[in-house]
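Chain and residue survey
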Amino acid sequence: MVSAGSLAPWTVISQGSPMDYHQADILDSFEWSMRHDGDVSSKLASGKIEELTSALLLALKELDSIDSSKRACAMLLKILTFERSMPDEVVACLGEAGFEPLVRHFEKSSSVQVSCSIANAMGMMLCSPKVADLNPVLVETQTKMFLSWLSSVVESKGTPPTELVAALVALGNYLRSSTNRAAFVKDKSSLLPIARLLEKDYYAQVQVEYQTVFVFWLLSFAGSKEQNAAVEEAMNAAEVPRRMTSVLREVTAEKVVRVTLAVLRNLAKDYFGDALRREMIGAGLVGALEQLCLRRWNDQDIRDDLSELVELLQTELQVMSTFDVYRGEVLSGALSWTPAHKDEVFWRENTEKLERNNLEVLRCLARSLHESQDPVVLSVACHDLGMFIKHHERGRHITQTLGVKPRLMELMTAEDAEVRRQALTCVQILMISHHDLMVSGQK
């Protein structure tokens, strides 16, 4: 293999490689035009693009120096973005090896800049209908390598913001194709690593938040009935409505607000069913929208999306019972002191409904108890479990099967006073058969 300095001509650094002088000269000529006069149109004229692309793919396959890879990537991206038809032209030149000249850089020790550039280019190329002309088994394997590399970047806790943004841009390029979107959401867990970038640890990184939400915006466009169902399931599994509601509460950057509202508006439409709308309501999105409506927005898109989203959620609220609203809140994990929690009539009338769907609501309360660090969420979860035990004849036995007692005992020594109080009350109700008599006696 050949090493190369970043300023050396391709006719020099390609010596000893399978690249011939003519191919190297084509790269030198194109790179000179790109760096000096910027006009590359003549180099990309009909009949020349195939030679140029073949030379670039050969460089990426055979030349192992980081400098030569960076230069080749820069030229490839210039070609792909020159005009809309270029990805088709490039894919048509791939040949039997498919994306091998590109994906090899995900496996070998390559620079982060090269890997990000390769991912960006491959994301664009995988949207081309010409991909259908390649070996489908090989393309599937190579696409998995591409997505696996993106996933490793997104899931790593130490990834710098610039690399996160680059990986998300590449994923966004890939998801511009409806075929790719349908394939991506088949695995409902695929969205969870991306959705975690919507947590508060990343709120200060505006560009990361914007690119993350942009990925969800691409996924929020309707497709076939089966694709919509898959998107809805994946969005629910990743708790996207809850996370985006938090983004709207905490992030003030207008471009993030604009694209977040656009995603939620799309997800609230009828072709996605009522589950996502109800999760939005449960997460407190109605209140968050009311606060946003108080701000003065210059962007007409934001004003329009706010208006439409409020109308969609108000329509859904009109057909929801009090228990539906409560259930949506619990399932979203965004617990707060809404009126139902302290309403004795609500608990008397609805306690038995908490057993439905294999204790769905109770299991979500238990999960919030174990996983949340928010004092309000913990306090409400303790309170609601106590109310269930108090109002259900088998509440004590059912609650014990959830395995929450050790966590409740732990929360009795929490830093937050309200958490301590609610945990103590819940433990007393759980352990004392006639807790109501004990309380009245204390009075």
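Okay, so let's go over this structure. (Residues numbered from 1 in each chain as written. Predicted model: local features only at pLDDT ≥ 70, side-chain atom pairs only at ≥ 80, totals over all residues. Heavy atoms only, no water.)

What follows is about the overall build of the protein. For the protein, the helix and strand inventory stands at 26 helices and zero strands. Its C-alpha atoms give the protein principal-axis dimensions of about 95 × 45 × 40 Å. Burial status across the protein gives 51% buried among its 443 residues. A fraction of 70% describes how many contacts in the protein between residues 6 or more apart in sequence connect residues 24 or more apart. By element, 50% of the accessible surface of the protein is carried by carbon and sulfur atoms, the whole surface being about 21,100 Å². The protein carries 47 positive and 59 negative side-chain charges, and their two centres are separated by 4 Å. (Helix = DSSP H or I, 4+ residues; strand = E, 2+ residues; numbered from the N terminus. Buried < 20%, exposed > 50% of the residue type's maximum accessible area, 1.4 Å probe, protein only. Contact = heavy atoms within 4.5 Å. Areas by Shrake-Rupley, 256 points an atom, 1.4 Å probe, with all protein chains shown as cover. Lys, Arg positive; Asp, Glu negative; His and termini not counted. Charge placed at Lys NZ, Arg CZ, Asp CG, Glu CD.)

Here the focus is the nonpolar core. By size, the foremost hydrophobic cluster in this structure holds 107 residues, and its most contacted members are Phe-99 and Phe-216. Once residues lying within four places of it in the same chain are set aside, the contact partners of Phe-99 are Leu-94, Met-122, Met-125, Leu-126, Val-131, Leu-134, Val-139 and Gln-142. Residues Val-330, Leu-362, Leu-378 and Leu-408 belong to the second largest nonpolar core, which totals 36 residues. (Core = buried A, V, L, I, M, F, W, Y, C linked by side-chain atoms within 4.5 Å.)

A word on the pattern of salt bridges. Scanning the model with the defined rule gives 22 salt bridges in all. In this structure, the salt-bridge partner of Glu-199 is Arg-242, at a minimum N-O distance of 3.6 Å. Placement of Glu-199 in the loop between helix 11 (192–195) and helix 12 (206–219) and of Arg-242 in helix 14 (residues 240–250) is noted, with a sequence separation of 43 residues between them. Residue classification places Glu-199 among the partly exposed positions, given a relative accessible area of 28%. (Salt bridge = Lys/Arg side-chain N within 4 Å of Asp/Glu carboxyl O.)

Here we take up a negative patch on the surface. Taken together, the side chains of Glu-50, Glu-51, Glu-83 and Glu-89 present a region of like negative charge at the surface. With respect to the helices and strands, the residue Glu-51 is situated in helix 3 (residues 49–62). (Patch = residues over 30% accessible without salt bridge, like charges linked within 9 Å, V, L, I, M, F, W, Y side chains within 5 Å.)

Taking 1.5 Å of rise per residue, the 14 residues of helix 9 (residues 161–174) would be expected to cover 20 Å, and the 20 Å separating its terminal C-alpha atoms lies within 8% of that figure. Those residues of helix 9 lying buried are Leu-164, Val-165, Ala-167, Leu-168, Ala-170, Leu-171, Gly-172, Asn-173 and Tyr-174. Looking at the packing, one finds that the buried side of helix 9 touches helix 7 (112–125), helix 8 (136–155), helix 10 (178–184), helix 11 and helix 12. (Expected span 1.5 Å × (residues − 1).)

The next thing to look at is the packing of helix 6 (residues 100–107) against helix 8. The description of two helices packed together rests on the angle between their axes and the distance between the axes. Closest axis-to-axis distance for the helix 6/helix 8 pair is 10 Å, and the angle between their directions is 40°. Considering only the axes of helix 6 and helix 8, their crossing is left-handed. In contact with Glu-100, Val-103, Phe-106 and Glu-107 of helix 6, helix 8 contributes Gln-142, Met-145, Phe-146 and Trp-149. For the contact of helix 6 with helix 8, a count of residues per class yields five nonpolar, one polar and two charged. (Axes fitted to C-alpha atoms, helices over the stretch in contact; angles between N-to-C directions. Left-handed = near helix turned anticlockwise from the far one by under 90°. Nonpolar A, V, L, I, M, F, W, Y, C, P; charged D, E, K, R; others polar.)

Once that is clear, we can look at the side chain of Asn-350. Tracing the backbone shows Asn-350 in helix 20 (residues 344–350). What makes Asn-350 buried here is its relative accessible area of 7%. Side-chain polar atoms of Asn-350 contact the backbone oxygen of Phe-346, separated by 2.9 Å. (Polar contact = N/O pair within 3.5 Å; in protein donor to acceptor, adjacent residues only side chain to side chain.)

Our focus in this paragraph is the packing of helix 7 against helix 9. It is the contact of helix 7 with helix 9, at a shortest axis distance of 7 Å, that shows an interaxial angle of 15°. Here helix 9 runs roughly parallel to helix 7, going by the angle between their axes. The two elements helix 7 and helix 9 meet at a crossing, and its hand is left-handed. Residue-level contacts link Val-112, Cys-116, Ala-119, Asn-120, Gly-123 and Met-124 of helix 7 to Glu-163, Ala-166, Val-169, Ala-170, Asn-173 and Tyr-174 of helix 9. (Parallel < 35°, antiparallel > 145°, perpendicular 65-115°, else oblique.)

As for its placement among the helices and strands, Val-380 is situated in helix 22 (residues 375–391). For the pair formed by Val-380 and Ser-368, sequence separation is twelve residues and the distance between their alpha carbons is 9.5 Å.

Take helix 15 (residues 254–267) next. With 14 residues, helix 15 extends 20 Å between its outermost C-alpha atoms, agreeing within 8% with the 20 Å of an ideal straight helix rising 1.5 Å per residue. Within the sequence span of helix 15, burial applies to Val-256, Val-257, Val-259, Thr-260, Leu-261, Ala-262, Val-263, Leu-264, Arg-265, Asn-266 and Leu-267. Looking at the packing, one finds that the buried side of helix 15 touches helix 12, helix 13 (225–237), helix 14, helix 16 (275–282), helix 17 (285–293) and helix 18 (300–318).

In this section: unusual backbone geometry. Although it is not a glycine, Asn-358 sits at a positive phi angle of roughly 60°. Position of Asn-358 relative to the elements: it lies in helix 21 (residues 356–371). Taking the relative accessible area as the measure of exposure, Asn-358 reaches 58% and is therefore exposed. Even without glycine at this site, Leu-359 takes up a positive phi of about 60°.

Time to look at the packing of aromatic side chains. Per the stated rule, a full pass over the model turns up ten aromatic pairs. For the ring pair Phe-323 and Tyr-326, a centre distance of 6.3 Å and an interplane angle of 40° mean the geometry is tilted. Taken together, the residues span about one helical turn, with Phe-323 and Tyr-326 both in helix 19 (residues 322–332) at a distance of three residues. For the residue pair Phe-323 and Tyr-326, the accessibility class agrees, reading buried in each case. The rings of Tyr-210, Phe-214, Trp-217 and Phe-221 are connected pair by pair, giving a single aromatic cluster. Over the aromatic face of Tyr-210 sits the side chain of Lys-255, whose NZ or CZ is 5.0 Å from the ring centroid. Cation over ring: Lys-342 sits above Trp-337, and NZ or CZ is 4.4 Å from the ring centre. (Phe/Tyr/Trp six-rings, centres within 6.5 Å; stacked < 30°, edge-to-face > 60°. Lys NZ or Arg CZ within 6 Å of the ring centre and 35° of its normal.)

Turning next to the environment of His-370. For His-370, the location among the structural elements is in helix 21. By relative accessible area, His-370 is classed as partly exposed at 41%. Residues His-370 and Pro-406 lie 36 residues apart in sequence; the distance between their C-alpha atoms is 10.0 Å. Every residue in contact with His-370, bar those within four places of it in the chain, is listed here: Gly-403, Val-404 and Arg-407.

Interpretation in functional terms is not warranted from these geometric data alone.
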